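Descriptive analysis of the structure
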Amino acid sequence: MISRHLHIAVCLALATLAVPAQAGEIVAGFDDLTLAPKSYNRGPMPNATLVDGPYGKVAAGSFTTGGVTLNNRYDTTYGSWGGFAYSNTTDTTTAGYLNQFSAYAGGGHSGTNYGVAFGYASSSFNPQTPQDFGTLPTIILPTGGSIEGMFVTNTTYAALSMLNGDSFAKKFDTGDWFKLTAYGFTSSGLESVDFYLADYRSSNAADHYILDAWAYMDLSSLAGATQLWFNVSSSDVGQYGMNTPGYFAVDDITYSLNATAVPEPTGLVMAASAVAVVGLSLRRRQAAA
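In this text, all values refer to a predicted model and were calculated from it rather than measured experimentally.

1. A word on the overall build of the chain
On a plain count of helices and strands, the chain comes out with one helix and 19 strands. Looking at the 289 residues of the chain, the share that counts as buried comes to 55%. Taking contacts inside the chain between residues at least 6 apart in sequence as the whole, the part at least 24 apart equals 77%. Entry remark: accessible area of the chain is about 11800 Å², with carbon and sulfur atoms responsible for 53%.

Okay, structure coming up:
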């Protein structure tokens, strides 16, 4: 079991400024973020700090929706990004990385905006090694917050790649799968939850699916975790790692609030050490939009 103190080395630093808040269920739905129609924000975020990355400077920052803070990494040399972005684009038909910010569901779950995550750990990822979490999309809950769940779906880029194949990835067939895993440190230690964004494991073709609608991912077993990390993995792996585009979309992150104070968005600072290794997870699939 990993000590709760060990993972602090890769956590995003938390500096809190308390403001009064009422206990209850809260839904972070991204619609409190300003976006022009049919647009997205991939970074850099206004609060970003420049840190050294493998290919130059990386703007390591964050944004907050509904009290939940999500990390963002923007490579100033190549314009690539990782962690979380937010979007309201609706293109469900255009294949390829130029359409990397559209949810395959055609829009948000309950509103206009939603989140898009990119970044994954390679096959050498070991969840028992705290440093390996540093490259993953991450959310931090406010003080007193306890995660309940969130809605997820595929991005159009990932879905069409799995459905038809592309220059990097195969068309999915029997036995293939694409999985999202959430990690958090609870009172029991490191816990995880799996959710299949595409599942062709059954020998019955009628059971095969590539998720094209919003579906609820129950995260209640991670209650008590103050921070969650997300990793995607696939059956389609090649010489350089996963071939399936490492994206997913998220909306309506739901948590309960049991304390009387939560941190203001401006009081949440993302640690540079958690993003200095961003280049390890960004490879040839990632490109600027």
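2. Topic: helix α1 (residues 156-164)
When you tally the buried positions in α1, you get seven out of nine residues, the bulk of the element. Where α1 is buried, its residues meet β11 (177-186), β12 (189-199), β13 (209-210) and β18 (247-257). Of the residues flanking the end of α1, it is Gly165, one or two places downstream, whose phi is positive at about 80°.

3. Quick notes on unusual backbone geometry
Across the junction of Gly43 and Pro44, the peptide omega takes the value 0°, indicating a cis bond. Along the chain, Pro44 turns up in the loop between β3 (40-41) and β4 (49-53). At Lys38, a position not held by glycine, the phi torsion is positive, near 55°. With respect to the helices and strands, Lys38 occurs in the loop between β2 (24-28) and β3. A relative accessible area of 69% means that Lys38 is categorised as exposed. With a phi angle near 50°, Asp252 is a residue other than glycine that sits in the positive phi range. Residue position: Asp252 is located in strand β18.

4. A word on the packing of aromatic side chains
One pass over the full model with this rule turns up 21 aromatic pairs. Geometrically, the ring pair formed by Tyr114 and Trp214 is edge-to-face, given 6.0 Å between the ring centres and 65° between the ring planes. Here the residue Tyr114 occupies a position in strand β8 (residues 114-118), and Trp214 occupies one in the loop between β13 and β14 (215-218), the gap between them amounting to 100 residues. By relative accessible area, which is 15% here, Trp214 ends up buried. When the ring centre of Trp177 is taken as origin, the NZ or CZ atom of Lys179, which lies over that ring, is 5.3 Å away. Positioned above the aromatic ring of Tyr196, the side-chain terminus of Arg201 is 3.9 Å from the ring centre.

5. Some words on the confidence of the model for the chain
Here the chain shows a mean pLDDT of 85. Residues at 70 or above account for 81%. Between residues 1-22, whose pLDDT stays under 50, and residues either more than four places distant or in other chains, the model counts 61 contacts. A low-confidence stretch, residues 261-289 stays under pLDDT 50, and its non-local contacts, those more than four residues away or across chains, total 107 contacts.

6. Structural notes on the environment of Ala60
Relative to the helices and strands, Ala60 is located in strand β5 (residues 56-65). Ala60 sits in the buried class, given a relative accessible area of 3%. Put simply, Ala60 and Asn72 are twelve residues apart on the chain and 6.2 Å apart in space, counted from C-alpha to C-alpha.

7. Considering the pairing of β11
Along β11, nine of the ten residues are buried, which leaves the element largely enclosed by surrounding structure. Bridge count for β11 against β12 is ten bridges, and the pairing is antiparallel. Across the sheet, the residue bridging to Gly184 is Glu191, located in β12. Hairpin remark: β11 followed by β12, antiparallel, with two residues in the connecting loop. Where β11 and strand β15 (residues 227-234) come together, seven bridges link them in antiparallel fashion. Looking at the pairing, Leu180 lines up with Val232 of β15.

8. Some words on the pairing of β15
Here β15 lies mainly inside the structure; seven of its eight residues are buried. Inspection of the sheet shows strand β9 (residues 138-140) paired to β15 by three bridges, in the antiparallel sense. Residue Thr138 lies in a different strand from β15, and its bridge partner there is Trp229.

9. Topic: the pattern of salt bridges
This structure, assessed with the given rule, holds four salt bridges. Measuring nitrogen to oxygen at the nearest pair gives 2.6 Å for the salt bridge that ties Asp52 to Lys57. Overall, Asp52 belongs to the exposed group, its relative accessible area being 55%. Using a relative accessible area of 40% as the deciding quantity, one classes Lys57 as partly exposed. For Lys170, the salt bridge goes to Asp176, with nearest N and O atoms at 3.1 Å. For Asp176, a relative accessible area of 5% corresponds to the buried category.

Conventions and cut-offs
Residues numbered from 1 in each chain as written. Predicted model: local features only at pLDDT ≥ 70, side-chain atom pairs only at ≥ 80, totals over all residues. Heavy atoms only, no water. Helix = DSSP H or I, 4+ residues; strand = E, 2+ residues; numbered from the N terminus. Buried < 20%, exposed > 50% of the residue type's maximum accessible area, 1.4 Å probe, protein only. Contact = heavy atoms within 4.5 Å. Areas by Shrake-Rupley, 256 points an atom, 1.4 Å probe, with all protein chains shown as cover. Phe/Tyr/Trp six-rings, centres within 6.5 Å; stacked < 30°, edge-to-face > 60°. Lys NZ or Arg CZ within 6 Å of the ring centre and 35° of its normal. pLDDT = per-residue confidence, 0-100. Pairing = 2+ DSSP bridges. Salt bridge = Lys/Arg side-chain N within 4 Å of Asp/Glu carboxyl O.

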